[in-house]
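Take a look at the letters that make up each chain.
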Amino acid sequence: MNSNSENTKLATTAVLAGGIGAALSYYLVHQKNKSSAHISRERSSSHGNLNDGNLNSRTSFIFQDPEYDAPAPSTNGTDRINDTAVLMPHSHEERMRRRIAARMAVEDENSQPRQSVTVRVPATSANCGPGYDCIGLAVDLWTEVTVSRADKFEITAEGDGAVEMPKDESNLLVTGVKAAYDTAKKPMPPLKYHVVSRIPYARGLGSSSAAIVAGIIAGLVLAGHRLPVWGSESLLQIAATIEGHPDNVAPVIYGGFQIGIHNGTRWVTERVPCPPGTQLVMFIPDFIGKTSAARSVLSDTIPRADAAFNIGRVAFLVHALAMGNLDNLKWGVQDRMHQPQRAEALYPHLYPMIKAAEEAGACCAYLSGAGPTVMALTSGASGDIFTQREKERTDFSVARAMMQVAETYGLKGRIVVTQASQEGARVVKVDPPFSSEYITFRDNV
């Protein structure tokens, strides 16, 4: 009897609990619908007379600020909220595009024309083995270019390649400035250029791309014109169009390892991680390597087997960098598209130097750009290398091995040890400055 009574009580309690839960759920859903209707009415009043059919439910939980969401045009000419597309975590360009589209006043930020500007640009190492015309990295060697308004045209230079550098309007620095003024739709005034070059000239370290990007940035600042980045990468479009490919200009602009392609509409680039502790050991010959000569030895067609070889190596290279697997880099930088041809015709020291560097402990080595510089990547660096024991790193042994090969082939040159730069080009000085009494930018620019 007691057992039956207890069972009855439990059943009654369960029924009551279920009923209360259902009632509570109904109340919450009703309140949510009322709140949604209230929000919809508020949106209708703030965006014009919109019927319910034009207001779609919001499905994005990544970017939901009505202040920044861009309205999309409707078929009847009014604006409506276009929020049906789910914005994933990687959809950063679309989120920024919406934000900027909803705040068109950002164009008012175009600054006044400047009198003088100094731009700092890094060296680059392109191709990285199999990534012909599409992969490059920024190198921690820097050139500074100062462009000022003047009464007449003039170029002066000091440092690496100062003598060989063109001093007329054929200089790619001038080409970049002209492109910037053309983009701004403003007449280009007489300008004076001064270059402090620390990037070896015409040695396969991106001196031409550095000049192009420095010129574009300097011209934009002098003209008081700014460009969109998210969803368009306008600066990259200008630079890559001048250069013809993105493997150098992309790392000059953004720093780090960059992969660049043309998607049929525009140039697109993405960063690949650079494993920590890596250093760059490069042998820079004393002679100039002309890109035109280095390209002339290449065939217009390649065998299918060689194409497959390079495709696999590029994938291996990117995977090794992304995973930090330094042991796989030596396979990832192998190439059949341009290095064998250039080694045979122009650089007989290339493969012996690559072999010597890897045997001395380098993770990998390859021809930098169109040459003649040979680039090796080493590991083990931590903090300031001059306070670290040499035997913990391999840069010294690799440098000695590369120099021995150079001596064997009767080549004069020098070894430079540095690292990849995660930072790209930037303005370091401008007159009048961007900083004010209310805000101070880096280096008080």
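About the cut-offs
Residues numbered from 1 in each chain as written. Predicted model: local features only at pLDDT ≥ 70, side-chain atom pairs only at ≥ 80, totals over all residues. Heavy atoms only, no water. Salt bridge = Lys/Arg side-chain N within 4 Å of Asp/Glu carboxyl O. Helix = DSSP H or I, 4+ residues; strand = E, 2+ residues; numbered from the N terminus. Pairing = 2+ DSSP bridges. Axes fitted to C-alpha atoms, helices over the stretch in contact; angles between N-to-C directions. Contact = heavy atoms within 4.5 Å. Core = buried A, V, L, I, M, F, W, Y, C linked by side-chain atoms within 4.5 Å. Buried < 20%, exposed > 50% of the residue type's maximum accessible area, 1.4 Å probe, protein only. 1 Å grid on protein atoms, 1.4 Å probe; cavity = no way out; pocket = protein on both sides within 12 Å on 5 of 7 lines; lining within 4 Å. Points joined across faces, edges and corners; volume = space filled by probe spheres on them. Parallel < 35°, antiparallel > 145°, perpendicular 65-115°, else oblique. Left-handed = near helix turned anticlockwise from the far one by under 90°. Expected span 1.5 Å × (residues − 1). Phe/Tyr/Trp six-rings, centres within 6.5 Å; stacked < 30°, edge-to-face > 60°. Lys NZ or Arg CZ within 6 Å of the ring centre and 35° of its normal. Polar contact = N/O pair within 3.5 Å; in protein donor to acceptor, adjacent residues only side chain to side chain.

(A) Examining the pattern of salt bridges more closely. Inspection of every chain in the model, using the stated rule, returns nine salt bridges. With a closest N to O distance of 3.2 Å, Arg 336 and Asp 306 form a salt bridge. You can see Arg 336 sitting in the loop between helix H9 (329-332) and helix H10 (339-345) and its partner Asp 306 sitting in helix H8 (residues 304-323), a full 30 residues away along the chain.

(B) Summary view of the sheet that holds strand S12 (residues 413-418). Overall, antiparallel pairing links the four strands, which are arranged S10-S11-S9-S12 in an open sheet. Edge strands, defined here as strands with exactly one partner in the open sheet, are strand S10 (364-367) and S12. Adjacent strand axes in the sheet meet at a mean angle of 20° when their direction is disregarded. As paired strands, strand S9 (residues 279-285) and strand S11 (residues 374-378) are joined by five bridges and run antiparallel to one another. Residue pairing for S11: Leu 280 is matched across the bridge by Leu 377. Packing against the sheet, helix H11 (residues 350-359) makes contact with S9, S10 and S11, and its axis sits at approximately 165° to S10. Across the sheet, helix H12 (residues 395-408) lies against S9, S11 and S12, angled at about 20° from S9, the strand it touches most.

(C) Focus on the nonpolar core. Ranked by internal contacts, the top residues of the largest apolar core, which has 69 residues, are Met 282 and Leu 329. The element contributing the most residues to this core is helix H4 (residues 207-223), with 12 residues. Not counting chain neighbours up to four residues away, the residues in contact with Met 282 comprise Val 139, Leu 141, Leu 205, Thr 373, Val 374, Met 375, Met 402, Arg 414, Ile 415, Val 416 and Thr 418. Val 281, Phe 283, Met 353 and Ala 365 belong to the second-largest nonpolar core, a separate cluster that totals 23 residues.

(D) The arrangement of the layout of surface pockets in detail. Roughly 820 Å³ of internal volume is contained in the second largest pocket. Looking at the second largest pocket, it is lined by 44 residues, and the ones nearest its centre are Leu 172, Ala 202, Ser 207, Ser 208 and Ser 209. Breaking the lining of the second largest pocket down by element, the ones donating at least two residues are strand S3 (116-126), strand S4 (135-149), helix H3 (172-184), strand S6 (191-197), H4, helix H5 (234-243) and helix H7 (291-296). At six residues, the largest contribution of residues to the lining of the second largest pocket is made by H4.

(E) Fine view of the packing of H11 against H12. For the pair H11 and H12, interaxial distance at closest approach is 8 Å and the crossing angle is 155°. Here H11 lies roughly antiparallel to H12, going by the angle between them. Viewed along their axes, H11 and H12 form a crossing whose handedness is right-handed. When H11 is examined against H12, the residues Pro 352, Met 353, Ala 356 and Ala 357 are found in contact with a partner set consisting of Val 398, Ala 401, Met 402, Val 405 and Ala 406.

(F) Looking closely at H4. Compared with an ideal rise of 1.5 Å per residue, which puts 17 residues at 24 Å, H4 spans 24 Å between its outermost C-alpha atoms and is within 8% of the ideal. Buried residues dominate H4, accounting for 16 of its 17 residues. Backbone geometry just downstream of H4 places Gly 224 in the positive-phi region, at approximately 70°.

(G) Representation of the packing of aromatic side chains. Enumeration over the complete set of coordinates arrives at two aromatic pairs. Sitting over the face of the ring of Phe 434, Arg 114 holds its NZ or CZ atom 4.2 Å from the ring centroid. One residue, Arg 313, lies across the ring of Phe 309, its end atom 3.8 Å from the ring centre.

(H) Here's a closer look at the side chain of Asp 133. Turning to its location among the elements, Asp 133 is positioned in the loop between S3 and S4. Accessibility expressed as a relative area gives 19% for Asp 133, which makes it buried. A distance of 2.8 Å separates the side chain of Asp 133 from the side chain of Arg 295, its partner in a polar contact. Those residues within four positions of Asp 133 in sequence are excluded, and the remaining contacts are Asn 127, His 245, Pro 246, Asp 247 and Arg 295.

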